[in-house]
Amino acid sequence: QSNLTVADNPKEVHDLTIEFNKLLNELNENIKRDRQFISDASHELRTPIAGIKGNVKLIQRRAAEHPEVIPESLKYIETESDKMQRLIESLLALSKVDKVELEFKEVPILAIINETVDLMRQQVTQPIKVEGITTSNVVTNVNNLQQILVTLIDNAQKYSPKNSTITVQQVETANAIIITIADQGLGISDEDKAHIFDRFYRGKEARDTKIEGTGLGLAITSRMAKLIYANLEVTDNTPQGTKFMLLLPKHISEKF
Ligand code: ADP
């Protein structure tokens, strides 16, 4: 009955057609993005596999006469296998981000930050300084928030010298807590800044300095931030290094 009424009304048919086309376009965009993702992921995995196979062949052909090739080839195989393992773990993490149902609860932000920083102090060589005291609670998903902080602190240590300092600062506004993670490292060029949240993107400095990475950390992080209605931005740290800013709403109705 109601369908007939809709079909009888040209204005509603017109509106429905527009709505339908919009959904179809979105679906097409998603399919295109997924295809691109599978193609990029396959490409990233192909490179280490080719390296491993090449070195296995080298050992098979030459090890009998030249046993000195063995240790170097094995080392190469180990490095490339580690790379593949990291990549697969990151790919799995990325595929899971959207699937889990997020539980939001009210938590004291200061305790979460302190707990995460204490955890990271065991893994990071640089000292981590915590600045600013907030007494507020936020309504958020704790796991996502902690994962975001872990990745940003981990990146800060990866891309800055061992004798420099990482600073985690919190500032409170009426509706949000702003958490900044600042380092005194390589910094990020403006050109790279535009792409670092893209999947598989690695900055020029990161590639040139041979710092290991998959280019997936910030893609996962920015997706996690969106899901808790937080805004993640990157700026320069003065006088040197990089600063990531996470704008975290105190209540989940506040979207940015
Ligand atoms: P990965 O670190 O595995 O390359 P990410 O997605 O975590 O991947 O980061 C993407 C790129 O952003 C890095 O390759 C690097 O160029 C840049 N980057 C991220 N964090 C920092 C930082 N704290 N300092 C300098 N560059 C950074």
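In this convention, every chain numbers its residues from 1, walking through the sequence in written order. Where totals are concerned, whole chains, interfaces and linings use all residues; where local detail is concerned, this predicted model gives features only for residues with pLDDT of at least 70, and gives and counts side-chain atom pairs only at 80 or more. As a convention, hydrogens and water are excluded, and side-chain values are obtained from all of the structure's heavy atoms.

1. Topic: the layout of surface pockets
Reasoning step 1: For cavity detection a 1 Å grid was placed over the protein atoms alone, and a set of points counts as a cavity when a 1.4 Å probe fits there but cannot get out; an open set counts as a pocket when protein lies on both sides within 12 Å along at least five of seven lines, with lining residues being those that have an atom within 4 Å of a point. Grid points are joined across faces, edges and corners, and a volume is the space filled by probe spheres set on the points. Within this model, the largest pocket holds a volume of roughly 960 Å³.
Reasoning step 2: Lining the largest pocket we find 41 residues, and of these Thr-151, Asn-155, Lys-158, Tyr-159 and Gly-217 sit closest to its centre.
Reasoning step 3: Only DSSP runs of H or I with at least four residues qualify as helices, and only runs of E with at least two residues qualify as strands; both kinds are numbered from the N terminus onward. Within the residue set of the lining of the largest pocket, elements represented by two or more residues are helix H3 (69–97), helix H5 (142–158), helix H7 (204–208), helix H8 (217–227) and strand S7 (242–249).
Reasoning step 4: For the lining of the largest pocket, the element with the most residues is H5, which contributes eight residues.

2. Digging into the UniProt feature "domain: Histidine kinase" (unreviewed entry) in the protein chain
Reasoning step 1: UniProt positions are given in the numbering used here, feature names are shortened, and annotations may be inferred rather than shown by experiment. Under the UniProt annotation, "domain: Histidine kinase" (unreviewed entry) lies at residues 40–252.
Reasoning step 2: Overall, residues 40–252 shows 48% helix and 19% strand. The separation of its end C-alpha atoms is 34 Å.

3. So, the environment of Phe-104
Reasoning step 1: Mapped onto the fold, Phe-104 is located in the loop between H3 and strand S1 (105–108).
Reasoning step 2: Measuring from C-alpha to C-alpha, the distance between Phe-104 and Val-142 comes to 7.6 Å, with 38 residues separating the pair along the chain.

4. Structural notes on the sheet that holds strand S5 (residues 176–182)
Strand pairs in the sheet, formed through backbone hydrogen bonds, run parallel or antiparallel to each other.
Reasoning step 1: Across the sheet, which stays open at both edges, the five strands sit in the order S2-S4-S5-S7-S6 with mixed pairing between neighbours. Of all the strands in the sheet, just strand S2 (128–131) and strand S6 (231–236) have a single pairing partner and so form its edges. This sheet shows a mean twist of 15° between the axes of neighbouring strands, independent of strand direction.
Reasoning step 2: Two strands are counted as paired when DSSP detects at least two bridges linking them. Sheet analysis places S5 next to S7, joined by seven bridges and oriented antiparallel. Whenever a helix is involved, its axis is fitted only over the stretch in contact; in every case the axis is a line through C-alpha atoms, and angles between N-to-C directions fall within 0 to 180 degrees.

5. Considerations on the pairing of S6
Each regular strand shows side chains that alternate between the opposite faces of the sheet.
Reasoning step 1: Bridge count for S6 against S7 is six bridges, and the pairing is antiparallel. Bridged to Leu-232 within S7 is Leu-246.
Reasoning step 2: Hairpin connection from S6 to S7: five residues lie between these consecutive antiparallel strands, with Gly-241 at a positive phi of about 105°.

6. Describing the packing of helix H2 (residues 10–62) against H3
Reasoning step 1: Direction vectors running N to C along H2 and H3 enclose 160°, while the axes themselves pass 9 Å from each other. When the axis of H2 is compared with that of H3, the two are roughly antiparallel. Of the two elements, H2 crosses H3, and the hand of that crossing is left-handed. From H2, Phe-37, Ala-41, Glu-44, Leu-45, Pro-48, Ile-49, Gly-51, Ile-52, Asn-55, Val-56, Leu-58 and Ile-59 reach across to H3, where they touch Ser-73, Leu-74, Tyr-76, Ile-77, Glu-80, Ser-81, Met-84, Leu-87, Ile-88, Leu-91 and Leu-94.
Reasoning step 2: Each residue gets one of three labels, nonpolar for Ala, Val, Leu, Ile, Met, Phe, Trp, Tyr, Cys and Pro, charged for Asp, Glu, Lys and Arg, and polar for the others, Gly among them. Looking at the contact of H2 with H3 residue by residue, the classes come out as 17 nonpolar, four polar and two charged. Small angles under 35 degrees read as roughly parallel and large ones over 145 as roughly antiparallel, with 65 to 115 read as roughly perpendicular and the rest as oblique. Helix crossings are classified by the rotation of the near helix relative to the far one: an anticlockwise turn of less than a right angle makes the crossing left-handed, while a clockwise turn makes it right-handed. Residue contacts are counted whenever heavy atoms from the two residues lie within 4.5 Å of one another.

7. Thoughts on the pattern of salt bridges
Reasoning step 1: We count a salt bridge whenever a side-chain nitrogen from Lys or Arg sits within 4 Å of a carboxyl oxygen from Asp or Glu. With the rule as written, the count across this model stands at twelve salt bridges.
Reasoning step 2: Residue Arg-223 pairs with Asp-98 through a salt bridge whose shortest N-O separation is 2.8 Å. In this pair, Arg-223 sits in helix H8 while Asp-98 sits in the loop between H3 and S1, placing the two residues 125 residues apart along the sequence.
Reasoning step 3: Here's how the labels work: a residue is buried when its accessible area is under 20% of the maximum for its type, exposed when over 50%, partly exposed in between, all with a 1.4 Å probe on protein chains only. Accessibility expressed as a relative area gives 46% for Asp-98, which makes it partly exposed.
Reasoning step 4: In this structure, the salt-bridge partner of Arg-121 is Asp-118, at a minimum N-O distance of 3.1 Å. Of this pair, Arg-121 and Asp-118 both sit in helix H4 (residues 109–121), three residues apart, which is roughly one turn of the helix.
Reasoning step 5: Through salt bridges with shared partners, a single network forms among Asp-190, Lys-193 and Asp-236.

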